[in-house]
Amino acid sequence: MPKMITPAIAISRLQKWLAAILLQGNRLNAAVQKGQLASLTQSIDAHFCVVAAANARTWAEELLSLRLDLESNLMTFISTLPEAKDLRNMLEHDNEYLKGKGHRQSKHLKNT
């Protein structure tokens, strides 16, 4: 029997990734407010913020067909993150992109 994603599962996962966006965003904002320059820690926080945004978008897309009553809100959220998946892939597979082998190579910024 195939496994199914229920609305409750999709909502739970979406909530988790939205919380992760807030956590990482707050960490980044706190560093900016302190006037800290870019650091390794901030780079890591930014990386995981992008991962969280891409995963939140993925779960919002999953939820679309499961909760039609949320379609307008979900579409608004999804439309705010058009490049989230590409950016996540570029960060997660940076070794391939830096070698010129990434799937969306023409969009990759090499001087990051």
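So, a few notes on the structure that sits alongside this text.

Scoring rules and cut-offs
Residues numbered from 1 in each chain as written. Predicted model: local features only at pLDDT ≥ 70, side-chain atom pairs only at ≥ 80, totals over all residues. Heavy atoms only, no water. Patch = residues over 30% accessible without salt bridge, like charges linked within 9 Å, V, L, I, M, F, W, Y side chains within 5 Å. Areas by Shrake-Rupley, 256 points an atom, 1.4 Å probe, with all protein chains shown as cover. Salt bridge = Lys/Arg side-chain N within 4 Å of Asp/Glu carboxyl O. Helix = DSSP H or I, 4+ residues; strand = E, 2+ residues; numbered from the N terminus. Buried < 20%, exposed > 50% of the residue type's maximum accessible area, 1.4 Å probe, protein only. Axes fitted to C-alpha atoms, helices over the stretch in contact; angles between N-to-C directions. Parallel < 35°, antiparallel > 145°, perpendicular 65-115°, else oblique. Left-handed = near helix turned anticlockwise from the far one by under 90°. Contact = heavy atoms within 4.5 Å. Nonpolar A, V, L, I, M, F, W, Y, C, P; charged D, E, K, R; others polar. Core = buried A, V, L, I, M, F, W, Y, C linked by side-chain atoms within 4.5 Å.

Turning next to a nonpolar patch on the surface. On the surface, a nonpolar cluster with roughly 310 Å² of combined accessible area is contributed by L40, I44 and F48. Within the element layout of this structure, L40 appears in helix α2 (residues 40–64). A residue is classified by how much of its surface remains accessible, and L40, at 65% relative accessible area, is exposed.

Moving on, we get to the packing of α2 against helix α4 (residues 84–92). Across the interface, α2 lies against α4 with an axial gap of 8 Å and an inter-helix angle of 135°. On the basis of their axis angle, the class for α2 and α4 is oblique. In the packing of α2 onto α4, the handedness of the crossing is left-handed. For the pair α2 and α4, contact is made by H47, V50, V51, A53, A54, R57, T58 and E61 and by A84, K85, L87, R88, L91 and E92, respectively. Of the residues assigned to the contact of α2 with α4, the class counts are seven nonpolar, two polar and five charged.

One pass over the structure, following the stated rule, counts four salt bridges. A salt bridge links D45 to R27; its shortest N-O distance comes to 2.9 Å. Of this pair, D45 sits in helix α2 while R27 sits in helix α1 (residues 7–33); the two residues are 18 residues apart in sequence, bridging distant segments of the chain. In this structure D45 comes out as buried when scored by relative accessible area, which is 6%. A salt bridge links R57 to E61; its shortest N-O distance comes to 2.9 Å. Placement of both R57 and E61 in helix α2 is noted, with a separation of four residues, approximately one turn of the helix. You can call E61 partly exposed: its relative accessible area is 27%.

Let us look at the nonpolar core. In terms of nonpolar packing, the biggest core is built from 10 residues, these being A10, L14, W17, A52, A56, W59, A60, L63, L74 and I78. Of all the secondary structure elements, the ones that give two or more residues to this core are α1, α2 and α3 (71–79). In contact with I78, not counting residues within four places along its chain, are R57, A60, E61 and L64.

These figures capture arrangement, not role.
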